[in-house]
Amino acid sequence: MQLLNTPQRYGVVAKALHWSVVAVFLFQYIAALMMLNTRPEETTLGFSQATLYNWHKSMGLVGLLLATIRLTWRKLTPLPEWAACLSEGERRYCHGVETLLYTGMIVMPISGYLYVMAGGYGVHLFSSVHLANPIGKNELVAVVAKWTHIVAAYALLVAIAGHVGLVVKHQLIRKNRLLQRMLPFGRP
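What this report covers is the structure whose coordinates are included nearby. Quantities reported herein were computed from a predicted structural model and do not represent experimental measurements. (Residues numbered from 1 in each chain as written. Predicted model: local features only at pLDDT ≥ 70, side-chain atom pairs only at ≥ 80, totals over all residues. Heavy atoms only, no water.)

1. Concerning the pattern of salt bridges
- Tallied over the entire structure, the rule returns 4 salt bridges.
- A salt bridge links E42 to R39; the nearest nitrogen and oxygen atoms lie 3.5 Å apart.
- A salt bridge links K169 to E90, with the nearest nitrogen and oxygen atoms 2.8 Å apart. Taken together, the residues span a long stretch of sequence, with K169 in helix α4 (residues 139–173) and E90 in helix α3 (residues 88–118) at a distance of 79 residues.
- It is possible to trace a salt-bridge network through shared partners that takes in E90, K169 and R174. (Salt bridge = Lys/Arg side-chain N within 4 Å of Asp/Glu carboxyl O. Helix = DSSP H or I, 4+ residues; strand = E, 2+ residues; numbered from the N terminus.)

Set out below in structure tokens:
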């Protein structure tokens, strides 16, 4: 197992960070759907709406930490060369989608944090620690942060769909094994 990136593939650290962020964001979208569709007096899969909100907020902060580490790792380590199977247009497309993905990975949790703090909701981190509110209640900040969070969620979904779509096109239609560069297992 190669710890660092090589000219042909991503290393273990980059892959672990990539798939960890994927897992956190998948959890976040599922938790958001559940909490928004659970009434305060009901439960979904045994979780109350309040528990779902707290886990969503807590995992959002974990996602921000992972995204920050991932972006730092990306800036400090060389990337593999572009896959030979990607056209020049696909490379430009990848760069644009990747920029949206990284922006979303940072904007989503920050806007969510600003919304819950400025809205006076707070964060009860993993149902065990109440985080101090350094912002204080501020209706204008809460409204702007809430809408930023909502718009960013949809923009991030579009970017994810574009990213996955390109990989699926190359993996299933062109059958050139593009996905192998980022899979945590398998041969190059």
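Next comes the rest of the write-up.
2. Regarding the packing of aromatic side chains
- Per the stated rule, a full pass over the model turns up 2 aromatic pairs.
- Here W55 and F126 contribute two aromatic rings whose centre-to-centre distance is 4.9 Å and whose plane-to-plane angle is 70°, an arrangement assigned as edge-to-face. Of the two residues, W55 sits in helix α2 (residues 49–76) while F126 sits in the loop between β3 (124–125) and β4 (129–130), which places them 71 residues apart along the sequence.
- Look at Y115 and Y121: their rings are 5.6 Å apart centre to centre, the planes differ by 50°, and that puts the pair in the tilted class.
- Residue class for Y121 comes out exposed when judged on its relative accessible area of 53%. (Phe/Tyr/Trp six-rings, centres within 6.5 Å; stacked < 30°, edge-to-face > 60°. Buried < 20%, exposed > 50% of the residue type's maximum accessible area, 1.4 Å probe, protein only.)

3. Notes on α2
- Between its first and last C-alpha atoms α2 spans 40 Å; for 28 residues at 1.5 Å apiece the expected length is 40 Å, and the two agree.
- Listing the buried residues of α2 in full gives Q49, L52, N54, H56, K57, S58, M59, G60, G63, L66, A67 and R70.
- Contact partners of the buried residues in α2: α1 (12–36), β2 (47–48), α3, β3 and α4. (Expected span 1.5 Å × (residues − 1). Contact = heavy atoms within 4.5 Å.)

4. Notes on the side chain of K57
- Note that K57 resides in helix α2.
- For K57, the side chain forms a polar contact with the main-chain oxygen of G122, separated by 2.7 Å.
- Contact partners of K57, with chain neighbours within four places excluded, come to V116, Y121, G122 and V123. (Polar contact = N/O pair within 3.5 Å; in protein donor to acceptor, adjacent residues only side chain to side chain.)

5. Looking at unusual backbone geometry
- One non-glycine residue, K175, lies in the positive phi region at around 50°.
- Looking at the secondary structure, you find K175 in the segment after α4.

6. A look at the nonpolar core
- Membership of the largest hydrophobic core comes to 16 residues, with the highest contact counts inside it found for V21, F25, L66, L101, M105, M108 and L156.
- Elements with a minimum of two residues in this core: α1, α2, α3 and α4.
- Non-local contacts of L66, meaning those with residues more than four positions away in its chain, are made with L17, S20, V21 and V24.
- One finds L86, C94, L166 and L178 within the second-largest nonpolar core, a separate group that totals 5 residues. (Core = buried A, V, L, I, M, F, W, Y, C linked by side-chain atoms within 4.5 Å.)

7. With respect to the environment of L66
- Relative to the helices and strands, L66 is located in helix α2.
- Look at L66 and you get buried, because its relative accessible area is 16%.
- Spatially, the C-alpha atom of L66 lies 6.9 Å from that of L17, the residues being 49 residues apart in sequence.

8. Re the environment of G96
- Tracing the chain through its elements places G96 in helix α3.
- For G96, a relative accessible area of 33% puts it in the partly exposed group.
- Separated by 63 residues in sequence, G96 and A159 place their C-alpha atoms 8.9 Å apart.

9. Notes on the packing of α1 against α4
- As a packed pair, α1 and α4 sit with axes 13 Å apart at the nearest point and diverge in direction by 130°. Here α4 runs oblique to α1, going by the angle between their axes. Helix-helix and strand crossings are classified by hand; for α1 and α4 the assignment is left-handed. Residues H18, F25 and Y29 of α1 pack against A153, L156, L157 and H163 of α4.
- Class assignment of the residues belonging to the contact of α1 with α4 gives a composition of 5 nonpolar, 2 polar and no charged. (Axes fitted to C-alpha atoms, helices over the stretch in contact; angles between N-to-C directions. Parallel < 35°, antiparallel > 145°, perpendicular 65-115°, else oblique. Left-handed = near helix turned anticlockwise from the far one by under 90°. Nonpolar A, V, L, I, M, F, W, Y, C, P; charged D, E, K, R; others polar.)

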